[in-house]
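Each chain, written out:
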Amino acid sequence: MEFQAVVMAAGGGSRMTDLTSSIPKPLLPVGNRPLLWYPLNLLERAGFEEVIVITRKEIQKMLNLDTKMKLDFVCISDNMDMGTADSLRHIHQKIKTDVLVLSCDLITDVDLYKVVDLFRTHDATLSMLMKKTHEPTEVVPGQKGKKKPVEQRDFIGVDDTGKRLLFMANEADLDEELVIKRSILQKHPRMHIRTGLMDAHLYCLKKYVVDFLVENRTITSLRSELIPHLVRKQFSSPTSLQQGLDNKEEDQKKKEQASLDIYSFIKEDNSLLKPAPDNSCWNDHRGDMNETLYEGKVRCYVHIMKEGLCYRVNTLGLYIEANRQVSKLLLNLGLEEPLVHGSAQIADRGMIGSDSIIGSSTQVGEKTSIKHSIIGSMCTIKDKVKITNCIIMNSVTIEEGCCLQGSVICHHAVIEKGADIKDCLIGSDQRLETKGK
């Protein structure tokens, strides 16, 4: 087994609490599939047979996933507030090989081998996935009057190939200037600084990085702490011990610092000390062996998607956008399932748009029109209803004569007769009264 796969599915969805206060983030329906299904499907298509899923007990109980893979659930207690690095540290005894870590909110049709091959070819410490940031342009339901949070930009430095990750910093961590270390520019005089890239939260990591995390408990987040640390470490020397110190306490402190240095966890590979590339396992010359043999032992790479779909579903706006694009995604994945489930009952004069999805056991009444929308399972939509650009979750009742535009209706909600709503978010188990507007 070359890689073990780990999916992080314990987060609470703090940036989309309008939805996640009543529906756990991994279970949010996207195209009538739970959000967690998408990273698992990505792994299954790439040939993985086993996946470790870090989640919470309530989520595991509610999951009903259609997969051939063996899912090893590790549940975190509800009263434990763990970051992503904490979660990986929590399962370290299960990690025996290099590891591929994904977030449960990633929806993409990326060719996973493009990220993995970067890792293999360059014997990298880290390879990761990025894509151009996508900002939803349409109105987000329930957000009228709310101040949009200011997103802090990431500054990403890459070499001429666009694959070697040389620099990474978030705007929030910078003063007025962007400072590049001389040690980076000595080895890479030409560096391209990019903004507007989204970290997809898909990382290939060496096993020794997990070992490093076990000892270095100050790191709690993969995205904001571990990854930038690895990028910086590429161009810094291992922590060295000064010899001949008189002060034993200071000497002990130096030893402790060295023991927490990433370099102290890298196992020496004698094959890499041989000068001839023919003596290495990379004798197919796919990678630059001069780099592998002579440069620093910490090496970070990035695959930047130029085309295809890639979403981090971590805001309400991106959740809506992912649902609107999901039929295209499923087509790209070769999952040509009928958009209207076979058990759905559509009245003779009901009109369903070609880009709408209707879930199982849903009933649609006479003279009802559904366009650009996703309707969940076991919904009841009565006569003369108009639904446009909406997401309707499971077991929702929409009574006669309603008109819904650009809205999200959560599980078990009831929209009473004649309601006319636009750009609204209706929570789970809520009832919108007759003639509500």
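Residues numbered from 1 in each chain as written. Predicted model: local features only at pLDDT ≥ 70, side-chain atom pairs only at ≥ 80, totals over all residues. Heavy atoms only, no water.

Peer 1: Which parts of the structure should I look at to understand the sheet that holds strand β10 (residues 165–170)?
Peer 2: One key point about sheets: their strands pair by backbone hydrogen bonds, in either a parallel or an antiparallel sense. The strand order across the open sheet formed by three strands is β10-β9-β11, and the pairing between neighbours is antiparallel. Because the sheet does not close on itself, it has two edges, and the strands there are β10 and β11 (192–194). Pairwise comparison of adjacent strand axes, ignoring direction, gives a mean angle of 20 degrees for this sheet. Across five bridges, the pairing between strand β9 (residues 154–158) and β10 is antiparallel. Its bridge partner being in β10, valine 158 is matched across the sheet by leucine 165. Strand contacts of helix α8 (residues 222–233): β9 and β10, with the helix running at about 145 degrees to β10, the strand carrying the most contacts. (Pairing = 2+ DSSP bridges. Helix = DSSP H or I, 4+ residues; strand = E, 2+ residues; numbered from the N terminus. Axes fitted to C-alpha atoms, helices over the stretch in contact; angles between N-to-C directions. Contact = heavy atoms within 4.5 Å.)

Peer 1: What is the right way to read the sheet that holds strand β15 (residues 345–346) from this model?
Peer 2: Strand order in the open sheet formed by six strands is β15-β18-β21-β24-β27-β30, with parallel pairing between adjacent strands. Edge positions in the open sheet fall to β15 and β30 (431–432), since each of these has one partner strand only.

Peer 1: Sorry if this is basic, but what is going on with the side chain of aspartate 98 here?
Peer 2: For aspartate 98, the location among the structural elements is in strand β6 (residues 98–103). Within the structure, the side chain of aspartate 98 is placed 2.9 Å from the backbone nitrogen of lysine 207, a separation counted as a polar contact. Excluding residues within four positions of it along the chain, aspartate 98 makes contact with Glu2, Phe3, Gln4, Phe119, Leu205, Lys206 and Lys207. (Polar contact = N/O pair within 3.5 Å; in protein donor to acceptor, adjacent residues only side chain to side chain.)

Peer 1: Looking at this model, I keep getting lost on the confidence of the model for the protein chain. Mind explaining?
Peer 2: For any part of a model where pLDDT is low, the fine detail of the predicted coordinates should not be relied upon. Looking at the protein chain, the pLDDT average stands at 85 and 85% of residues meet or exceed 70. Of the regions scoring below 50 in pLDDT, residues 241–245 engages in seven contacts with residues more than four places distant in sequence or in other chains. (pLDDT = per-residue confidence, 0-100.)

Peer 1: Which parts of the structure should I look at to understand the pattern of salt bridges?
Peer 2: Pairing is possible between side chains of opposite charge, provided their charged atoms come close. On inspection of all chains with the given rule, the structure shows 17 salt bridges. Among the ionic pairs, aspartate 261 bridges to lysine 233, the shortest N-O distance being 2.6 Å. Of this pair, aspartate 261 sits in the loop between α9 (248–259) and α10 (289–294) while lysine 233 is found in helix α8, placing the two residues 28 residues apart along the sequence. Neither residue differs from the other here; aspartate 261 and lysine 233 are each classed as buried. Here arginine 431 and glutamate 416 are joined by a salt bridge, their closest N and O atoms 2.7 Å apart. With arginine 431 in strand β30 and glutamate 416 in the loop between β27 (414–415) and β28 (420–422), the pair connects residues that are 15 residues apart, well separated along the chain. Residues joined in a network through salt bridges with shared partners are Asp98, Asp123, Lys206 and Arg299. (Salt bridge = Lys/Arg side-chain N within 4 Å of Asp/Glu carboxyl O. Buried < 20%, exposed > 50% of the residue type's maximum accessible area, 1.4 Å probe, protein only.)

Peer 1: Mind showing me how you'd approach the packing of helix α7 (residues 207–215) against α8 here?
Peer 2: Relative placement of two packed helices is described by the angle separating their axes and the distance separating the axes. Viewed as axis vectors pointing N to C, α7 and α8 meet at an angle of 115 degrees, and their least axial separation amounts to 13 Å. The handedness of the crossing between α7 and α8 is right-handed. Counting all contacts with α7, which are made through Val209, Phe212 and Leu213, the residues of α8 involved are Leu222, Leu226, His229 and Leu230. Among the residues forming the contact of α7 with α8, the class breakdown is six nonpolar, one polar and no charged. (Left-handed = near helix turned anticlockwise from the far one by under 90°. Nonpolar A, V, L, I, M, F, W, Y, C, P; charged D, E, K, R; others polar.)

Peer 1: Just checking my understanding: could you explain a positive patch on the surface for this structure?
Peer 2: Together, Lys114, Lys132, Lys163, Arg194 and Lys306 make up a positively charged patch on the protein surface. Checked against the element boundaries, lysine 163 lands in the loop between β9 and β10. (Patch = residues over 30% accessible without salt bridge, like charges linked within 9 Å, V, L, I, M, F, W, Y side chains within 5 Å. Areas by Shrake-Rupley, 256 points an atom, 1.4 Å probe, with all protein chains shown as cover. Lys, Arg positive; Asp, Glu negative; His and termini not counted. Charge placed at Lys NZ, Arg CZ, Asp CG, Glu CD.)

Peer 1: Could you clarify how one ought to interpret the nonpolar core in this entry?
Peer 2: One broad trend across soluble globular proteins is that nonpolar side chains are buried collectively. With 63 residues, the main nonpolar core has Leu19, Leu36, Leu43, Phe48, Leu112, Leu202 and Tyr319 as its most contacted residues. Considering every element that reaches this core, the biggest residue donor is helix α11 (residues 316–332), with eight residues. The residues touching leucine 112, leaving out its near neighbours within four places in the chain, are Leu42, Leu43, Ala46, Phe48, Leu100 and Leu202. Leu222, Tyr263, Phe265 and Ile266 belong to the second largest nonpolar core, which has 42 residues in total. (Core = buried A, V, L, I, M, F, W, Y, C linked by side-chain atoms within 4.5 Å.)

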